[in-house]
Amino acid sequence: MTEVRAARPDEEATVRSICNAAMLEMPEAAVREGTVLVAVDDERILGALVLDGEEIEAVAVRPGRRGQGIGSALVAAAADRRDELTAGFDPSVRPFYEKLGFEVSCEGGRCRGLLE
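Residues numbered from 1 in each chain as written. Predicted model: local features only at pLDDT ≥ 70, side-chain atom pairs only at ≥ 80, totals over all residues. Heavy atoms only, no water.

Chemist: Please explain the state of the cysteines as it appears in this structure.
Modeler: As used in these notes, a disulfide is a covalent bond between sulfur atoms, one from each of two cysteines. Under the counting rule described, the total for this entry stands at one disulfide. Covalently, C106 is tied to C111 through a disulfide, its sulfur atoms 1.9 Å apart. Handedness here is read from the sign of the S-S torsion; for C106 and C111, about 95°, the answer is right-handed. Its relative accessible area of 2% is what places C111 among the buried residues. Cysteine C19 is unpaired, with the sulfur of C111 as its nearest cysteine sulfur at 19 Å. (Disulfide = S-S within 2.5 Å. Buried < 20%, exposed > 50% of the residue type's maximum accessible area, 1.4 Å probe, protein only.)

Chemist: Would you take a moment to explain unusual backbone geometry for this structure?
Modeler: Positive phi, normally seen in glycine, also occurs at D42, with a value near 55°. Locating D42 in the fold gives a position in the loop between β2 (35-41) and β3 (44-52). Of the residues examined, D42 reaches a relative accessible area of 72% and is grouped as exposed. Of note, E43 is a non-glycine position whose phi angle comes to about 70°, a positive value. Secondary-structure assignment places E43 in the loop between β2 and β3. Relative accessible area serves as the criterion here: at 66%, E43 is assigned to the exposed category. (Helix = DSSP H or I, 4+ residues; strand = E, 2+ residues; numbered from the N terminus.)

Structural data, given as structure tokens:
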């Protein structure tokens, strides 16, 4: 059973590794200073979400575990902690955000989403 919880400080390297495997660029301080949620199953981190205020800086899932609802669970947990969420992302992941209820607009090869 996957659980979503706040990341512990000693999990920073694992969170960065998962985000790097997803080829996500993220400000260096985002993991250290932002709100980081992790999806954990049997003490193994399967995915991570990094928030800066209401902005999703990154949501990433281990490659072998994608498509299993882990990213959706992370976003839902973030939405429970914020009045609204925003995100900037590539058009290729637009269906993911739309499925979660984000209002999405795209321009110049990038998309922005808002979940109220």
